[in-house]
Structures are given as structure tokens and as C-alpha cells.
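Remarks on the overall topology
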Amino acid sequence: MGKLAVGALRAVLVVVLAGTVFVQVLMVWALATDPEDGSLPLTPLRVITILGMMSVQVALVCVWRLVTMVRRGTVFSHAAFRYVDGVIGAIVAAALVWFAVTAVNAPGQRDDPGVTVIMGGVGVAILGVALMVLVLRMLLAQAVARDVEAAQMQDELDEVI
């Protein structure tokens, strides 16, 4: 992975992380100072937003660590699984948060239940992303196994020579 790509990705990760922290601070401030007017259940939505931003932050930190491992050439190791599992967990948490938003929003959509169905579909799509990352994790597991096998074969070859 090139230095330019890593630098660009890290810049994006920092900007997104700063944005999520900013949103969290605004939501906490709104919880403390802004009363609900009764039109929407704002308190649950604000709490859900804070939790959603936390799931994004976990994914960002895990991706940062994986990029670091790629740069060092250590990504094909068992240590990488912890971070890939963290990304999967964060995506599943984001899907659960989205389903919570859907549930909070559903009573206001009685006249147009299609919105709730679409929101539920988005939650299922988010879970689909988690499944795709799970498949990528399986590919990583195969690559790690091949790397270990290649190292063992190299050791055997070194002994013969």
C-alpha cells in the first residue's frame, strides 16, 4: 500500500473521527439544554445518535490499526483478526442502532408505512455489509494460513540447504 494512499486514508479517518466527536458533543449538549417540543421523541433519537457515532468510531480505530499493520507488512497475522472482528461488531452495532431509529420513527409513519419498510431495508443492507466483511475475514484467515504454511516450508527448505 503506497504512502499516498495510506496518508489519504488516514486523513479521511481523522476528519470522520473529528466529525463524529463533534456530532456527539452536539447531541450531549442538546440533551442537556434543549427540551423536547413533543413533535418527535428527540431524547431517544439523540441517545441513538451518540451510540451510532460510537460504533463509527470503533470501526475507524480498527481500520486505522489495520492500515498500520498493512504498512508494516504484519496484516497477515492472527493479530489482525481482532481488528477485523471489531469492524464487524461495529457494523452490526450500527445496524442495531439503525433498527432502533426505525422503531422510534415508525409511530410517526402510520400514514405512510413505506418509509418504515425502506428504513428496515436499509438496516438489512447494513447487516449485509457486515456479512461481506465476514467473508473478507475468511479470506484473511486463508491468507494467514497460507503465510504460516509458506513460512514452515521455508524453514524446512533452509534446514535442507
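Presented here is a report on the structure given in the accompanying data block. Bear in mind that the values here come from a model prediction, so they are computed numbers and not experimental data. Counting restarts for each chain, with residues numbered from 1 along the sequence as it is written. In view of the model being predicted, local features appear only for residues whose pLDDT reaches at least 70, and side-chain atom pairs are presented and counted only at 80 or more, with totals across whole chains, interfaces and linings using the full set of residues. Excluding hydrogens and water, the side-chain values take into account all heavy atoms of the structure.

1. Focus: the nonpolar core
What counts is decided by this rule: Nine residue types can take part in a nonpolar core, namely buried Ala, Val, Leu, Ile, Met, Phe, Trp, Tyr and Cys, and a core is a set of them joined through side-chain atoms within 4.5 Å. Working definition: with a 1.4 Å probe on protein chains only, accessible area under 20% of the residue-type maximum means buried, over 50% means exposed, and in between means partly exposed. Each helix is a run of H or I in the DSSP string that is no shorter than four residues. Each strand is a run of E no shorter than two, and both are numbered from the N terminus. Note on contacts: a residue pair qualifies if any of its non-hydrogen atoms lie within 4.5 Å across the two residues.
Counting residues in hydrophobic clusters, the biggest one holds 15 residues, and the most contacted among them are Leu66, Met69, Ala80, Val84, Val133 and Leu140. Among the secondary structure elements, those contributing two or more residues to this core are α2 (42-72), α3 (79-105) and α4 (114-160). Here this core gets seven residues from one element, more than from any other, and that element is α3. Sequence-distant contacts of Leu140, defined by excluding residues within four places in its chain, comprise Val75, Phe76, Ala80, Phe81 and Val84.

2. Some thoughts on α4
Applied cut-off: Here the expected span of a helix is defined as 1.5 Å times the quantity of residues minus one.
If you check α4, its first and last C-alpha atoms are 69 Å apart, about what 47 residues at 1.5 Å a residue would give, namely 69 Å. Contacts made by the buried residues of α4 are with α3.

3. Regarding the side chain of Gln24
Basically, it comes down to this: Identification of polar contacts relies on pairs of N or O atoms within 3.5 Å, with a donor-acceptor requirement for protein atoms, meaning one able to donate a hydrogen and the other able to accept it, and with residues adjacent in sequence counted only if both atoms are side-chain atoms.
Note that Gln24 resides in helix α1 (residues 3-33). Under the relative-accessibility criterion, Gln24 is labelled buried at 13%. Here the side chain of Gln24 touches Gln57 through a polar contact of 2.7 Å, side chain to side chain. Not counting residues up to four positions away in its chain, the partners in contact with Gln24 are Ile50, Met53, Met54 and Gln57.

4. Let's talk about the environment of Val101
Here Val101 is to be found in helix α3. In this structure Val101 comes out as buried when scored by relative accessible area, which is 17%. Taking the C-alpha atoms as reference points, Val101 and Gly123, 22 residues apart in sequence, are found 9.8 Å from one another. Those residues within four positions of Val101 in sequence are excluded, and the remaining contacts are Leu45, Ile48 and Met119.

5. Observations concerning the layout of surface pockets
The rolling of a water-molecule-sized probe over the atoms marks out the regions of remaining empty space. Cut-off, in case you're wondering: A pocket, in this scheme, is an open set of points on a 1 Å grid over the protein atoms alone with protein on both sides within 12 Å along at least 5 of 7 lines, while a cavity is a set where a 1.4 Å probe fits but cannot get out; residues line either one if an atom lies within 4 Å of a point. Grid points are joined across faces, edges and corners, and a volume is the space filled by probe spheres set on the points. Residues are sorted three ways: Asp, Glu, Lys and Arg are charged, Ala, Val, Leu, Ile, Met, Phe, Trp, Tyr, Cys and Pro are nonpolar, and all the rest, Gly among them, are polar.
Quantified by volume, the largest pocket comes out at close to 340 Å³. Listed by contribution, the elements that provide at least two residues to the lining of the largest pocket are α2, α3 and α4. Top element by residues in the lining of the largest pocket is α4. It accounts for five residues. Broken down by class, the residue content of the lining of the largest pocket amounts to 14 nonpolar, no polar and one charged.

6. What about the environment of Val75?
Within the secondary structure, Val75 is located in the loop between α2 and α3. When the C-alpha atoms of Val75 and Gln154 are compared, they prove to be 19 Å apart, with 79 residues separating the residues in sequence. Filtering out sequence-adjacent residues up to four positions away, Val75 remains in contact with Leu66, Met69, Val70, Ala80 and Leu140.

7. Details of the packing of α3 against α4
How we decide: For every element, the axis is a line fit to its C-alpha atoms; helices are fit only across the contacting stretch, and the angle between N-to-C directions ranges from 0 to 180 degrees. The cut-offs work like this: below 35 degrees is roughly parallel, past 145 is roughly antiparallel, 65 to 115 is roughly perpendicular, and the gaps in between are oblique.
It is the contact of α3 with α4, at a shortest axis distance of 9 Å, that shows an interaxial angle of 175°. On the basis of their axis angle, the class for α3 and α4 is roughly antiparallel. Split into classes, the residues belonging to the contact of α3 with α4 amount to 25 nonpolar, five polar and two charged.

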